[in-house]
Structures are given as structure tokens and as C-alpha cells.
Amino acid sequence: MILRIIAFFVLFFSILALPLWVSAILAFLGMVYFNFFIEVIFLFLFSDLLYGIPKPMFFNITIISFIISTFCFIILESLKNKLRLNQK
């Protein structure tokens, strides 16, 4: 439990101070390692609310990292359930 809290604060710090690709890698590793790491979705929503700007490349959607993290979360959780990983 304490490791999950530390991971949350490390990811929170990376969203505030580090580039997006570092935060994305840390978030992906957290989603793979922890079971149901839903904090990633809320942290990327927070990131989009702070730093998101509409881009024509993404049809002027501001919350693109939130949408991508939600899709990754759903796919990874379904794969973990199918592969029976992280059983405790």
C-alpha cells in the first residue's frame, strides 16, 4: 500500500515538473505493476486541465492524454484479467 502511495506522488511530481513522455512511461509502468491503478486517469485529467491546449491534429480536443490514458487503462486491465496476472 505504501508503495502505491509513493508511486502516486512520484507520478504527480512528474506531471507537474517533467515532460509528458516521462509521465506517460511512469504511468504505463504503474498501470502494469499495480492492480487497478485508476489514479493515472485522474492525474492525466489534472494534467490536461493544467497544460492542455486544443490542437487541430486531434480535432481541437483538449483532454487527449486523459482519453489515451483511459483507453490504455481499460486495455491493460482487460489483458491482466485474461492473462491472470497480479493475482493476490
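Everything numeric here is computed off the predicted structure, so don't read it as measured data. (Residues numbered from 1 in each chain as written. Predicted model: local features only at pLDDT ≥ 70, side-chain atom pairs only at ≥ 80, totals over all residues. Heavy atoms only, no water.)

Lay out the confidence of the model for the protein chain in plain terms, naming residues and giving numbers.
Averaged over all residues, the pLDDT of the protein chain is 90; the fraction at 70 or higher stands at 94%. The secondary-structure element of the protein chain with the lowest mean pLDDT is helix H4 (residues 64-83), recorded at 90, while helix H1 (residues 2-17) shows the highest, at 95. (pLDDT = per-residue confidence, 0-100. Helix = DSSP H or I, 4+ residues; strand = E, 2+ residues; numbered from the N terminus.)

Give a detailed account of the packing of helix H3 (residues 39-51) against H4, specifying residues and quantitative values.
What describes two packed helices is the angle between their axes and the distance between those same axes. Running from amino to carboxyl end, H3 crosses H4 at an angle of 170°, the nearest separation of the two axes being 8 Å. With respect to H4, the element H3 is oriented roughly antiparallel. Between H3, through Val40, Ile41, Phe44, Leu45 and Asp48, and H4, the contact on the second element is made entirely by Ile64, Ser65, Phe66, Ser69, Thr70 and Phe73. Of the residues in the contact of H3 with H4, the class split is 7 nonpolar, 3 polar and 1 charged. (Axes fitted to C-alpha atoms, helices over the stretch in contact; angles between N-to-C directions. Parallel < 35°, antiparallel > 145°, perpendicular 65-115°, else oblique. Contact = heavy atoms within 4.5 Å. Nonpolar A, V, L, I, M, F, W, Y, C, P; charged D, E, K, R; others polar.)

I'd like a description of H4, backed by residues and values.
The α-helix advances 3.6 residues per turn, and as a result positions three or four apart in sequence lie on the same side. In a regular helix each residue adds 1.5 Å, so 20 residues correspond to 28 Å; H4 covers 28 Å between its end C-alpha atoms and thus fits that length. Lining the buried residues of H4 we find helix H2 (20-33) and H3. (Expected span 1.5 Å × (residues − 1).)

Describe the pattern of salt bridges, with residues and values.
Oppositely charged side chains can form a pair if their charged atoms are brought close together. A complete count under the given rule lists 2 salt bridges for this structure. Note that Arg4 is salt-bridged to Glu39, the shortest N-O span being 3.1 Å. With Arg4 in helix H1 and Glu39 in helix H3, the pair connects residues that are 35 residues apart, well separated along the chain. Salt-bridge contacts for Glu77 lead to Lys80; the nearest nitrogen and oxygen are separated by 3.0 Å. Placement of the pair is Glu77 and Lys80 together in helix H4, with a separation of 3 residues, close to one helical turn. The residues Glu77 and Lys80 share a single accessibility class, namely buried. (Salt bridge = Lys/Arg side-chain N within 4 Å of Asp/Glu carboxyl O. Buried < 20%, exposed > 50% of the residue type's maximum accessible area, 1.4 Å probe, protein only.)

Just give me the short version of the environment of Phe28, but keep the residues and values in it.
Relative to the helices and strands, Phe28 is located in helix H2. On the basis of relative accessibility, which here comes to 40%, the residue Phe28 falls in the partly exposed class. The sequence separation of Phe28 and Val40 amounts to 12 residues, and the corresponding C-alpha distance is 8.6 Å.

Before we move on, could you go through the environment of Phe71 and cite the residues and values that matter?
Summarising the element assignment, Phe71 is placed in helix H4. A C-alpha to C-alpha distance of 9.5 Å links Phe71 and Ile41, two positions 30 residues apart in sequence.

An account of the nonpolar core is requested, with residue identities and associated values reported.
Membership of the largest hydrophobic core is limited to 12 residues, which are Leu11, Ile15, Ala27, Met31, Phe34, Phe37, Val40, Ile41, Leu43, Phe44, Phe73 and Leu76. Secondary structure elements with two or more residues in this core: H1, H2, H3 and H4. Per element, the largest residue contribution to this core is 4 residues, and it comes from H3. If we skip the residues at most four places from it in the chain, Leu76 touches Phe28, Met31 and Val32. (Core = buried A, V, L, I, M, F, W, Y, C linked by side-chain atoms within 4.5 Å.)

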